[in-house]
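Observations on the model geometry
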Amino acid sequence: MSKCDTGNVADLHASPPRRLPGLLGRHRGRLLWLTVIALLVIVQWPLLKAMVYNVLQIPPPPDGIAWRTNYAAALAEAKQSGKPVLLDFTASWCAPCQIMKREVWPDEDVRRLVNRSFIPVLMDVDEIDGGRAAQRYAVSSIPTILIVGGDGQVLRGGQFMSRSEMVTFLKMGTRS
């Protein structure tokens, strides 16, 4: 029998539970709260970032994209040009939309691909034309990005995307 194994179960419970030593032990509750707050900030960063942009009234940079706002005219232009239509369903109150407006659409590669290969249309879901198009395509959340043919049929769709994801999405949309 080893020193630790006396055979007496009561010996196992005789000593009080060990506490974490030093600062870690005394501030365990604070560390837990700081960890929870840090995780919430990380998970909610896009929303928080959009709120900061709005509170500080930081305007989005120009994106250099020739956005149209008339859906019917864009479809007619697509039929004539042979280019697909890129629909960006958005709203001023949508935090992820505002992030894309500041970080995705102004990207040089995104701008170049959009202007070269698509008829881009900004569809504000709070306006009549945008709301009707959102209903037509059963848009249930924003941002929603759709690539449609001149006949209005969806070729490809997506939601919030980073710059690199958007570049990939646009390149794939030109192969449809």
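So, here's what we can say about the structure.

Basis of the calculations
Residues numbered from 1 in each chain as written. Predicted model: local features only at pLDDT ≥ 70, side-chain atom pairs only at ≥ 80, totals over all residues. Heavy atoms only, no water. Salt bridge = Lys/Arg side-chain N within 4 Å of Asp/Glu carboxyl O. Helix = DSSP H or I, 4+ residues; strand = E, 2+ residues; numbered from the N terminus. Pairing = 2+ DSSP bridges. Axes fitted to C-alpha atoms, helices over the stretch in contact; angles between N-to-C directions.

1. Digging into the pattern of salt bridges
Evaluated as defined, the whole model comprises 3 salt bridges. The partner of R112 in a salt bridge is E108, and the shortest N-O contact between them spans 3.4 Å. In this pair, R112 and E108 are both assigned in helix 7 (residues 108-117), 4 residues apart and thus about one turn of the helix distant. Among the salt bridges present, the one from D109 reaches R112, with a minimum N-O distance of 3.0 Å. Taken together, the residues D109 and R112, both in helix 7 and 3 residues apart, mark about one turn of the helix.

2. Overview of the sheet that holds strand 1 (residues 85-90)
Strand order across the open sheet formed by 4 strands is 2-1-3-4, with mixed pairing between neighbours. Each of the sheet's edge strands pairs with one partner strand only, and the pair in question is strand 2 (119-124) and strand 4 (154-158). Taken over all neighbouring pairs, the strand axes of this sheet differ in orientation by 20° on average, direction set aside. Two elements, strand 3 (residues 144-148) and strand 4, share 4 bridges in a ladder whose sense is antiparallel.

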